[in-house]
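Here are the chains, one letter per residue:
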Amino acid sequence: KSWKKSEKGKAYIAQKTASVEPAAGPVSGSAVSATANHPMAAYVIHPATGTVLVDENGEARMGPASLTKLMTLYLTFDALKTNRINLQTMVPVSERAWRTEGSKMFIEVGKQVDVDSLIKGISIVSGNDSCVAISEYLGGTEEGFVQMMNAKAKDLGMENTHFVNANGLPDPNQ
């Protein structure tokens, strides 16, 4: 899901779109549909009251995509905040991280990369390899990190979210 601020700044919309082109004009429940240029799902809340303004397929099951990378970053920033790591901490790059498909930071197997660079690799180039490297470092294995992700999601009240990897690549178990 992606969050977009409304024109008046009074509501936020989470949407998974069928294309990159958002619906034009104000969003209303009847205006949201899963067509080529409209969201497949939308969930709009008023940020001050928490009132649900639009819920169009808000509970639809779909891959978490970049929400996964946000959780990976969230746990990375939490590790920074608790001094478990710092921006200069060197993270080894495994063959698994190096072989990860999709968008990449192009980190090299056997080398070490600092946390600061991995954060940039995740947030700027959407590096799947960076996600795996930091997840292995923080969780021992990517699977261990995924358990941390799911525990944090539960703590945050994300009841219908289930992660199976650290980068959001499609997986039938999500």
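Please read these numbers as outputs of a predicted model, since none were measured by experiment. (Residues numbered from 1 in each chain as written. Predicted model: local features only at pLDDT ≥ 70, side-chain atom pairs only at ≥ 80, totals over all residues. Heavy atoms only, no water.)

Engineer: Help me understand the confidence of the model for the chain in this model?
Structural biologist: Looking at the chain, pLDDT values average 82 and 78% of them are 70 or higher. Predicted confidence is poor over residues 1-36, with pLDDT under 50, and the contacts of this stretch with residues over four places away or in other chains come to 72 contacts. (pLDDT = per-residue confidence, 0-100. Contact = heavy atoms within 4.5 Å.)

Engineer: Please clarify how the packing of helix H1 (residues 66-81) against helix H4 (residues 128-139) should be interpreted in this entry.
Structural biologist: Helix-helix packing: each pair is described by the crossing angle between the helix axes and the interaxial distance. Contact pair H1 / H4: the axes reach a minimum separation of 11 Å and the direction vectors enclose 40°. Relative to H4, the element H1 lies oblique. Crossing hand, H1 versus H4: left-handed. For the pair formed by H1 and H4, the contact residues are Lys 69, Thr 72, Leu 75, Thr 76 and Ala 79 on the first element and Asn 128, Cys 131, Ile 134 and Leu 138 on the second. Grouping the constituent residues of the contact of H1 with H4 by class yields five nonpolar, three polar and one charged. (Axes fitted to C-alpha atoms, helices over the stretch in contact; angles between N-to-C directions. Helix = DSSP H or I, 4+ residues; strand = E, 2+ residues; numbered from the N terminus. Parallel < 35°, antiparallel > 145°, perpendicular 65-115°, else oblique. Left-handed = near helix turned anticlockwise from the far one by under 90°. Nonpolar A, V, L, I, M, F, W, Y, C, P; charged D, E, K, R; others polar.)

Engineer: Please clarify how the pattern of salt bridges should be interpreted in this entry.
Structural biologist: Pairs can form between side chains of opposite charge once their charged atoms are near each other. Applying the stated criterion to the full structure yields five salt bridges. The salt bridge involving Glu 95 is made with Arg 99; its shortest N-O contact spans 2.7 Å. With Glu 95 and Arg 99 both in helix H2 (residues 95-99) and four residues apart, this pair spans about one turn of that helix. Across the salt bridge formed by Lys 120 and Asp 116, the nearest N and O atoms sit 3.1 Å from each other. With Lys 120 and Asp 116 both in helix H3 (residues 115-123) and four residues apart, the pair spans about one turn of that helix. (Salt bridge = Lys/Arg side-chain N within 4 Å of Asp/Glu carboxyl O.)

Engineer: Would you mind going over the nonpolar core with me for this structure?
Structural biologist: Proteins that are soluble and globular tend to have nonpolar side chains buried together. Core analysis: the largest hydrophobic core is formed by 26 residues, its most contacted members being Val 115, Leu 118, Ile 134 and Met 149. Of all the secondary structure elements, the ones that give two or more residues to this core are H1, H3, H4 and helix H5 (142-155). Sequence-distant contacts of Leu 118, that is, excluding residues within four places in its chain, are made with Val 91, Met 105, Ile 107, Val 113, Ser 130, Ala 133 and Ile 134. (Core = buried A, V, L, I, M, F, W, Y, C linked by side-chain atoms within 4.5 Å. Buried < 20%, exposed > 50% of the residue type's maximum accessible area, 1.4 Å probe, protein only.)

Engineer: Just to check I follow, could you spell out the environment of Thr 89 for this structure?
Structural biologist: With respect to the helices and strands, the residue Thr 89 is situated in the loop between H1 and strand E5 (90-92). Classification of Thr 89 by relative accessible area gives buried; the value is 13%. Each C-alpha atom of the pair Thr 89 and Gln 112 lies 9.3 Å from the other, and the pair is 23 residues apart in sequence. For Thr 89, the side chain forms a polar contact with the main-chain nitrogen of Asn 86, separated by 2.8 Å. (Polar contact = N/O pair within 3.5 Å; in protein donor to acceptor, adjacent residues only side chain to side chain.)

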